Amino acid sequence: MEHITYLDNAATTRIRPEVSAAIAPFLDDRQQFGNPSSSHRIGRTVRAAVEDARRRVADALGTPPPGVVFTSGGTEADNLAVIGAALAATRRNKSMCVAVSSIEHKAVLDAASAVVSLGGESHTVPVDSSGLVSPDDVKEVLRQNPAILSVMWVNNETGVTQDVGELASICADHGVHFHTDAVQAVGKVPCDLSELPGVLTTISGHKIGAPKGIGALIIPEATLIEPLLHGGGQQLGVRPGTENVIGIVALGVAVELAVAERQNASRHMKLLRDELEDGLRSAIANIQINGGSQRAPHISNISFPGADGTSILMHLDQAGICCSSGSACNTGTGSYSHVLRAMGVPPDSARSAVRVSFSHDNTTEDVDRAIAVMPDIVQKLRSLNGAAP
């Protein structure tokens, strides 16, 4: 069987064995299949499991359990935060206006565009060449009095980490709600929401060892959000609908484990990331690491000017190494990553970018294999393009 080196953990992770064990009874036990809204004993048993998972998430992240609203994943949670806050503002006779940073996940950027299509406004906060948001730029955009400002905690392409505490404090001083997409933050950087009162926070399960299709929006109070779905009173009416019990139980275990193991896992991932970057710098001329020193430990975004990033990924895949493109290229359009563009990365460098991302179960052997394979790939592609090797 071919050996596969998986280095795309920012895209998704393997389901953890502990998570599989926790959800197994809900897959085959005749006593744990009920609807959590049913009042009979089977329903109550499942309801107890849902509430236990809500408590696990809340305790791990330092937030009251009622504020944990389960969703289908990070995308839904981001939409619920941005669009829901904008719609809720109209109930308070405020303008339907939102603000987002230029390096947000598409779920946030497109949610902001949806607010505009509904008749509202959207404003953008720029970043510097390191991918960081400036407090002064935040203060400037807050003069537009948005209902909510959304700035992601850890960028999914570069790993650049924002000072969300400072940004949340600035928003609080201006009476503006603050939302952060923490999908790439949980389990990688300290995430204590007790230090961020009033902040709306998005998390996702499949980035930390839970199945795909489960996430949560953590909100300080239900009245901040206008529901996007209607037809039931579940979860304070903020996100009605029969709960995804299996996913919720999985998320509770995954968040608990990710937070408990964060220090050791982060140390391990940083060692692997630094080893990879140092090894590639030594083996390949003219490469650049995108993002400054303020980065989460699990993501490395590397540009190889003169070689197309998509072609690099294809050759890596043929060699049994799974990574992803940091440029998010659209075939045939000549476009490249909006994140790297916002950071001012030159087009040739942006189109040559590759994202490598680690988890707790990657090894030094994985890094060694990538370092052994990539120089020949890059040299070959640069030669074909007439660039210096």
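Refer to the structure printed above.
Definitions and cut-offs
- Residues numbered from 1 in each chain as written.
- Predicted model: local features only at pLDDT ≥ 70, side-chain atom pairs only at ≥ 80, totals over all residues.
- Heavy atoms only, no water.
- 1 Å grid on protein atoms, 1.4 Å probe; cavity = no way out; pocket = protein on both sides within 12 Å on 5 of 7 lines; lining within 4 Å.
- Points joined across faces, edges and corners; volume = space filled by probe spheres on them.
- Helix = DSSP H or I, 4+ residues; strand = E, 2+ residues; numbered from the N terminus.
- Nonpolar A, V, L, I, M, F, W, Y, C, P; charged D, E, K, R; others polar.
- Disulfide = S-S within 2.5 Å.
- Buried < 20%, exposed > 50% of the residue type's maximum accessible area, 1.4 Å probe, protein only.
- Contact = heavy atoms within 4.5 Å.
- Phe/Tyr/Trp six-rings, centres within 6.5 Å; stacked < 30°, edge-to-face > 60°.
- Lys NZ or Arg CZ within 6 Å of the ring centre and 35° of its normal.
- Salt bridge = Lys/Arg side-chain N within 4 Å of Asp/Glu carboxyl O.
- Axes fitted to C-alpha atoms, helices over the stretch in contact; angles between N-to-C directions.
- Parallel < 35°, antiparallel > 145°, perpendicular 65-115°, else oblique.
- Left-handed = near helix turned anticlockwise from the far one by under 90°.
- Core = buried A, V, L, I, M, F, W, Y, C linked by side-chain atoms within 4.5 Å.

Draft legend 1. Summary view of the layout of surface pockets. Here the largest pocket defines a volume of roughly 520 Å³. For the largest pocket, the lining is made up of 31 residues, of which His-105, Lys-106, Asn-156, Lys-207 and Arg-355 are closest to its centre. Sorting the residues of the lining of the largest pocket by element identifies helix H3 (74-91), helix H4 (106-117), strand S12 (324-325) and helix H10 (338-342) as the ones contributing at least two each. For the lining of the largest pocket, the element with the highest residue contribution is H3, accounting for three residues. Tallied by class, the residues present in the lining of the largest pocket amount to eight nonpolar, 16 polar and seven charged. In this model, the second largest pocket occupies a volume close to 280 Å³. What lines the second largest pocket is a set of 23 residues, among which Arg-16, Lys-207, Ile-208, Ser-359 and His-360 lie closest to the centre. Only helix H7 (245-260) and helix H8 (262-283) provide two or more residues apiece to the lining of the second largest pocket. Of the residues contributing to the lining of the second largest pocket, the split by class is nine nonpolar, seven polar and seven charged.

Draft legend 2. Region of interest: the state of the cysteines. Applying the stated criterion to the full structure yields zero disulfides. In this model Cys-97 remains outside any disulfide bridge; the closest cysteine sulfur is found in Cys-171, 12 Å from its own. Relative accessible area serves as the criterion here: at 0%, Cys-97 is assigned to the buried category. Free of any disulfide, Cys-191 has its nearest cysteine sulfur in Cys-171, 18 Å distant.

Draft legend 3. Broad picture of the side chain of Ser-349. In this fold, Ser-349 is placed in helix H11 (residues 347-351). Filtering out sequence-adjacent residues up to four positions away, Ser-349 remains in contact with Gln-288, Ser-303 and Pro-305.

Draft legend 4. Highlighting the packing of aromatic side chains. Throughout the structure, instances matching the rule amount to zero aromatic pairs. Between the NZ or CZ atom of Arg-341 and the centre of the ring of Tyr-336, over which it lies, the distance is 4.7 Å.

Draft legend 5. Up close: the pattern of salt bridges. The tally for this structure, following the rule as stated, stands at 18 salt bridges. Note that Glu-51 is salt-bridged to Arg-47, the shortest N-O span being 2.8 Å. With Glu-51 and Arg-47 both in helix H2 (residues 41-61) and four residues apart, this pair spans about one turn of that helix. Taking relative accessible area as the criterion, Arg-47 reaches 22% and is therefore assigned partly exposed.

Draft legend 6. Expanded view of the packing of H3 against H4. Put simply, H3 and H4 touch, their axes get as near as 9 Å, and they point 30 degrees apart. As summarised for this structure, H3 and H4 are arranged roughly parallel, according to the angle between their axes. As H3 packs across H4, the resulting crossing turns out to be right-handed. Along its contact with H3, which presents Thr-75, Asp-78, Asn-79, Val-82, Ile-83 and Ala-86, the element H4 presents Ala-107, Val-108, Ala-111, Ala-112, Ala-114 and Val-115. Of the residues that constitute the contact of H3 with H4, the class distribution is nine nonpolar, two polar and one charged.

Draft legend 7. Structural context of the nonpolar core. Within the largest apolar cluster, 64 residues are counted, with the highest numbers of intra-cluster contacts made by Leu-61, Phe-70, Leu-149, Trp-153 and Phe-178. Counting only elements with at least two residues in this core, the list comes to helix H1 (17-28), H2, strand S2 (68-71), helix H5 (135-142), helix H6 (164-173), strand S8 (215-218), H7 and H10. Looking at this core, the element that brings in the most residues is H7, giving 10 residues. Aside from chain neighbours lying at most four places away, what touches Phe-70 is Val-50, Ala-53, Arg-54, Val-57, Ile-214, Gly-215, Ala-216, Gln-235, Arg-239, Ile-248 and Leu-251.

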